[in-house]
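Coordinate analysis (summary)
Each chain, written out:
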Amino acid sequence: ACVPTRTRTTLLPMSYHVSVSGNDANAGTSSAPFKTIQKCLNLVQPGDTCQVLGGTYNEALTLKTSGTASLPITIKCESIKACTVNSGIAQTLGTSNHTHYYTIDGFRFIGNAVTNYATLYFGQGTIWSATDKTLGNNGFILRNCYVEGNLKFYGHDNLVENCEFNGKNLWDNGVQDWYATSYNNTYRNNVIYSYPYRGIWSMDRTDNILIEGNSIRDSGKCIDADGAGTPVTRFTIKNNTFTNCDMGIELENTFESLVEWNVFKNQNLAIHVSGTGNGPDFFTAGKIEWRDKDTHTIIRN
């Protein structure tokens, strides 16, 4: 069978199908699916979908073609966590060049490489700069996934929600974004556990980060908003539950941020504020609210 080819007159998005019982020489239709997910990823264009049937796919995946904000590329398992991608000692999923706008839904990603690369790495193949906000690999949605390993972003307008991250006490950090091109990122309603260093780590000039509704446990720092020698700005950290972490939240050179309605259980230290401002103002009107008059950061409820 011939693989369908896209021409300049093809305007409608295409849907390809993948099955462990398929064949990469097939047409990629529901009745003649591909065998590998990578075969589908080699063909997709903006707006296209890879529909993946349940099973275990022993392959390492690379995203090569960008979607757009209005026409993202979708990679979707037929049912939540029914599709396992196991890359062995290779990186499980990564980007190539300036790759943007993907929705990835319902997969189990199993990584065995603890060093060198992240299990999921949305930041490869692009120019690196600590200060340039125009760079990065952007517009990724990771939803309803299980990740045995870790995730790194170098880019903006990304969303991770309803996922489970298991560090197995092997990977130092769970979810990470960094540098100025990482802004407008959202981490919502995830379960993150067993990372010796940090559950979520956002560092070095990141901006407008929302961390909401997550359950993070059995890690070093549950959340590290880490400006270190540079600022991080406009964090909102709310409605999270932290259990059995050495530290619940680290705010280091964190400006214009809000921390509220979080629950801390069995922490050595709930919240640590460092490197910011010249001292707090306290307000006690029914509840204690901490405001730093120089950094405009608020901790309450």
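Just above sits the structure.
Here we summarise the structure given alongside this text. (Residues numbered from 1 in each chain as written. Predicted model: local features only at pLDDT ≥ 70, side-chain atom pairs only at ≥ 80, totals over all residues. Heavy atoms only, no water.)

In spatial order, the strands read S4-S7-S10-S13-S16-S19-S22-S25-S29; together these nine strands make up an open sheet with parallel pairing. The open sheet is flanked by strand S4 (61–63) and strand S29 (269–274), the only strands paired with a single partner. Averaged over all pairs of adjacent strands, the angle between their axes in this sheet comes to 10 degrees, without regard to strand direction. One ladder, built from five bridges, connects strand S25 (residues 247–252) with S29; its direction is parallel. (Pairing = 2+ DSSP bridges. Helix = DSSP H or I, 4+ residues; strand = E, 2+ residues; numbered from the N terminus. Axes fitted to C-alpha atoms, helices over the stretch in contact; angles between N-to-C directions.)

The next subject is the packing of aromatic side chains. The geometry of two aromatic rings is summed up by the distance between their centres and the angle between their planes. For the structure shown, the criterion picks out 14 aromatic pairs. Summarising the aromatic geometry, the rings of Tyr154 and Tyr179 are spaced 6.5 Å apart at their centres and angled 90 degrees between planes, so their arrangement reads as edge-to-face. Linking Tyr154 in the loop between strand S13 (151–153) and strand S14 (159–161) with Tyr179 in the loop between strand S16 (173–178) and strand S17 (186–188), this pair joins segments that are 25 residues apart in sequence. Here Tyr179 falls in the partly exposed class, since its relative accessible area comes to 22%. (Phe/Tyr/Trp six-rings, centres within 6.5 Å; stacked < 30°, edge-to-face > 60°. Buried < 20%, exposed > 50% of the residue type's maximum accessible area, 1.4 Å probe, protein only.)

The sheet built from nine strands is open, its strands ordered S3-S6-S9-S12-S15-S18-S21-S24-S28 with parallel pairing. Looking at the sheet topology across the chains shown, the edges are occupied by strand S3 (55–57) and strand S28 (263–265). Going across the sheet, the axis of each strand differs from the next one's by a mean of 10 degrees, ignoring polarity. Examined bridge by bridge, strand S6 (residues 83–86) and strand S9 (residues 107–110) share four bridges and lie parallel to one another. Of the residues in S9, the one forming a bridge with Val85 is Phe109.

What makes a disulfide is a covalent bond joining the sulfur atoms belonging to two cysteines. Taken as a whole, this structure holds three disulfides when the rule is applied. Covalent S-S linkage joins Cys40 and Cys50, the inter-sulfur distance amounting to 2.0 Å. Judged by the sign of its S-S torsion, about -100 degrees, the bond between Cys40 and Cys50 is left-handed. Note that Cys40 is positioned in helix H1 (residues 37–41) and Cys50 in strand S2 (residues 49–52), a separation of ten residues in sequence. What makes Cys40 buried here is its relative accessible area of 0%. Here Cys50 falls in the buried class, since its relative accessible area comes to 0%. Covalent S-S linkage joins Cys222 and Cys245, the inter-sulfur distance amounting to 2.0 Å. Between Cys222 and Cys245, the S-S torsion sits near 95 degrees, and that sign places the bridge as right-handed. Highlighted residues: Cys222 in strand S22 (residues 221–226) and Cys245 in the loop between strand S24 (241–243) and S25, separated in sequence by 23 residues. (Disulfide = S-S within 2.5 Å.)

A few words on the side chain of Ser274. Among the structural elements, Ser274 can be located in strand S29. Here Ser274 falls in the buried class, since its relative accessible area comes to 17%.

With 55 residues, the main nonpolar core has Ile37, Ile104, Phe107, Phe109, Leu142 and Phe165 as its most contacted residues. Residues within four places of Ile104 in sequence aside, it is in contact with Ile75, Leu93, Phe109, Phe122, Ile141, Leu142, Arg143 and Cys145. Listed in part, the five residues of the second largest apolar core include Ala118, Tyr121, Trp201 and Met203. (Core = buried A, V, L, I, M, F, W, Y, C linked by side-chain atoms within 4.5 Å. Contact = heavy atoms within 4.5 Å.)

Time to look at the pairing of strand S20 (residues 207–212). For S20, the buried fraction is high: five of the six residues fall into the buried class. Two strands pair when backbone bridges link them, and S17 and S20 are joined in this way by three bridges, in the parallel orientation. Across the sheet, residue Thr186 finds its bridge partner in S20, namely Leu210. Sheet topology note: the S20/strand S23 (residues 232–238) ladder contains five bridges and is parallel. Residue pairing in the sheet places Ile211 in a bridge with Ile237 of S23.

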